[in-house]
Each structure stands twice: as C-alpha cells, then as structure tokens.
Amino acid sequence: DAMRKRVIEMLRPDLAAWDDTEIDQQGKTPNLTVYSGQPHAAVQIWRKGMQGRLVSPSLDWFLYMHPREELNKISVVRKWLKEYERSVYELMRNSNYYSHIGPYMTDGGTIGEAASWIEKNKAGDKIVCSNFHPQEIYADANSDGEIDTFYRGPFQLTAKAAVQMFGKEKLSLALKNALENDPLKRFNFIHACHHKSDPVFKELKEQKIP
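Keep in mind it's a predicted model, so treat the numbers as computed, not measured.

> Whenever I open this one, the packing of aromatic side chains confuses me. Can you help?
Each aromatic ring pair is described using two quantities: the centre-to-centre distance and the angle formed by the ring planes. Taken as a whole and judged by the stated rule, the model has 12 aromatic pairs. Arranged with centres 6.5 Å apart and planes meeting at 10°, the rings of Trp61 and Tyr97 form a pair that is stacked. Here Tyr97 lies in helix α4 (residues 97–110) and Trp61 lies in the loop between α2 (38–54) and α3 (75–93), a separation of 36 residues in the sequence. The partly exposed category is assigned to Trp61, whose relative accessible area is 30%. Between the aromatic rings of Tyr97 and Tyr98, the centroid separation amounts to 5.2 Å while the plane-to-plane angle is 90°, which identifies the pairing as edge-to-face. The exposure class of Tyr97 is buried, given its relative accessible area of 12%. Classification of Tyr98 by relative accessible area gives buried; the value is 11%. In this structure an aromatic cluster arises from ring pairing among Trp61, Phe62, Tyr64, Trp80, Tyr84, Tyr89, Tyr97 and Tyr98.

See the structure below:
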C-alpha cells in the first residue's frame, strides 16, 4: 500500500529494487528518493538498542518455569529446568540466531512484517536461522490464531544450489538437464509448509503426486 511504499522509500531502500531480479536490472541504482541517511541510521540505532536490551547473547533473557507453580518449589524440578535452560542458551549461541534477529527486528520495526525460519542443520546438531524477504512470505492462521500454513516464494535457486539443497534424485528432469549443461541457470521455487491435517495432503495422495 501507499504507506508501506513510503516507509520503504525513506527507511528501507534495500527493499526498493526487489522486483528487479533480471540480469539486465542488476547493478542499477534502486532508489533516488532518499536524500538523508538519518532515518535509516535511526532505524539501526533502534534495532541495536532493542536487541542489546532484550535479545542479547550476553544476557540470560528468558527463564524456564513449570506452569504448575507448586512444582517450581521442588529443588529437583528447578535444577532440571535450569539445566534445560542452559542447554537452550548454548544451542542458540552456537548458531546464527543472534545475527539473524537483527534483520528480523528491522523488518518488523519498519514495514511491520517479519519472517524467519529456524531448522536443524543437515547433521542435526545445530540450528540454522534464515531471514526471508517480506514479499516472499505468505502465512495463514487457524481459528486459535496459530500459524498453520507458511509459504515462501517464488524465490530463485541455480541448478547447482538446488542439487546441494535437495539432492539430485529429487530434482525435476529440467533441473537435472540444467545441472549437466548450465548449472548456473536459475529456477523458481516455492517453499510450502502445511499442518499435517491439511486437506491438501489428501488431495496430493489421491492424485499420486510424490
């Protein structure tokens, strides 16, 4: 809308050229409306202040407690919760969580929409956090307000990047051909995440789509 466009023009020039994904558009000046760096600098000061005071790797900024208050009075329970809390902090500090939270806050504090994806790495011993451009994201909630549908896309990957992410056996014939002849050719992808009870899975099974 008009307000979001204005916010992007004044505060987020890095988002202005998102649609210029073609090769002949890359490298061109994306925005000529910003005449002062002060608004952008103010956003960065706000983001650093929020992260430093609320979500800092040097702070113990959350606490695990059992929802049943009487159990929190038992020393064994408190000790277990404290050890679990320490393990989670260690997991987060050994990941890219704290470097990814800054861009997440910047999106939320400017255009009002922010999305991140947290998953295990291939080895399963660390978490990996990813930031997505707001224009890539669609999410929907159930009647309880819980997000149960998440779409990202379309986004582009080269054939080479696609095989590294998904494995050659999962690629389409077009991608396999590009991998052999033009590995830097770009393809559109959509990342879709549905709740396991979503009717879409029944429809896919009936159509025998793998």
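> What is the right way to look at helix α6 (residues 173–181) in this model?
Note that an α-helix has 3.6 residues per turn; residues three or four places apart therefore point the same way. For α6, the complete set of buried residues consists of Leu175, Ala178 and Leu179. Here the buried residues of α6 occupy an arc of 105° about the axis, which is enough to place them on one side. Turned more than 90 degrees away from the buried face of α6, the exposed residues are Leu173, Glu180 and Asn181. In this structure, the buried residues of α6 make contact with α5 (159–166) and β5 (186–194).

> Could you clarify how one ought to interpret the sheet that holds strand β3 (residues 137–141) in this entry?
The strands that make up a sheet pair up through hydrogen bonds in the backbone, lying either parallel or antiparallel. Pairing in this open sheet of three strands is antiparallel, and the strands run β3-β4-β5 from one edge to the other. Taken across any chain shown, the strands that pair with only one partner, and hence form the sheet edges, are β3 and β5. The mean angle between the axes of side-by-side strands here comes to 10°, regardless of whether they run parallel or antiparallel. Relative to strand β4 (residues 147–158), β3 runs antiparallel, the two being bridged by five bridges. Counted as the bridge partner of Ala141 is Ile147 from β4. Against the sheet, α5 touches β4 and β5, its axis set at about 140° to β4.

> So what exactly am I meant to see when it comes to the nonpolar core here?
Nonpolar side chains tend toward joint burial in soluble globular proteins. Counting residues in each nonpolar core, the largest one holds 10 residues, listed as Val55, Phe62, Val88, Tyr89, Met92, Tyr97, Tyr98, Ile101, Met105 and Cys129. Looking at this core, the elements that each hand over two or more residues are α3 and α4. Ranked by residue count, the leading element in this core is α4, at four residues. Sequence-distant contacts of Met105, that is, excluding residues within four places in its chain, are made with Trp46, Arg47, Met50, Gln51 and Val55. Among the nonpolar cores identified, the runner-up in size contains nine residues, and Leu157, Ala159, Leu171 and Phe187 belong to it.

> For this particular structure, what's the right way to read unusual backbone geometry?
Most peptide bonds take the trans form, and the phi angle of most residues other than glycine is negative. Residue Pro154 is bonded to the preceding Gly153 through a cis peptide linkage, with omega at -5°. Residue placement: Pro154 occurs in strand β4.

Scoring rules and cut-offs
- Positions within a chain are numbered from 1, following the residues in the order the chain's sequence is written.
- For this predicted model, a pLDDT threshold of at least 70 governs which residues receive local features, and a threshold of 80 or more governs which side-chain atom pairs are given and counted, while totals over whole chains, interfaces and linings are taken from all residues.
- To obtain the side-chain values, all non-hydrogen atoms of the structure were used and water was disregarded.
- Any two of the Phe, Tyr and Trp rings considered here, Trp counted by its six-membered ring, make a pair once their centres fall within 6.5 Å; the pair's planes then place it as stacked at under 30 degrees, edge-to-face at over 60, or tilted in between.
- Put simply, DSSP marks the helices as runs of H or I at least four residues long and the strands as runs of E at least two long, and each gets a number from the N terminus on.
- Relative accessibility under 20% of the residue-type maximum defines a buried residue, over 50% an exposed one, and the middle range a partly exposed one, all with a 1.4 Å probe and only protein chains included.
- Working definition: the arc comes from the directions between the helix axis and the C-beta atoms, pointing outward to the latter.
- The contact definition used throughout considers only heavy atoms, calling two residues in contact when any of these lie within 4.5 Å.
- When DSSP locates at least two bridges between a pair of strands, those strands are taken to pair.
- Angles here are taken between N-to-C directions and fall from 0 to 180 degrees, while the axes themselves are lines fitted to C-alpha atoms, restricted in helices to the stretch in contact.
- By nonpolar core is meant a set of buried Ala, Val, Leu, Ile, Met, Phe, Trp, Tyr and Cys residues that side-chain atoms within 4.5 Å join together.

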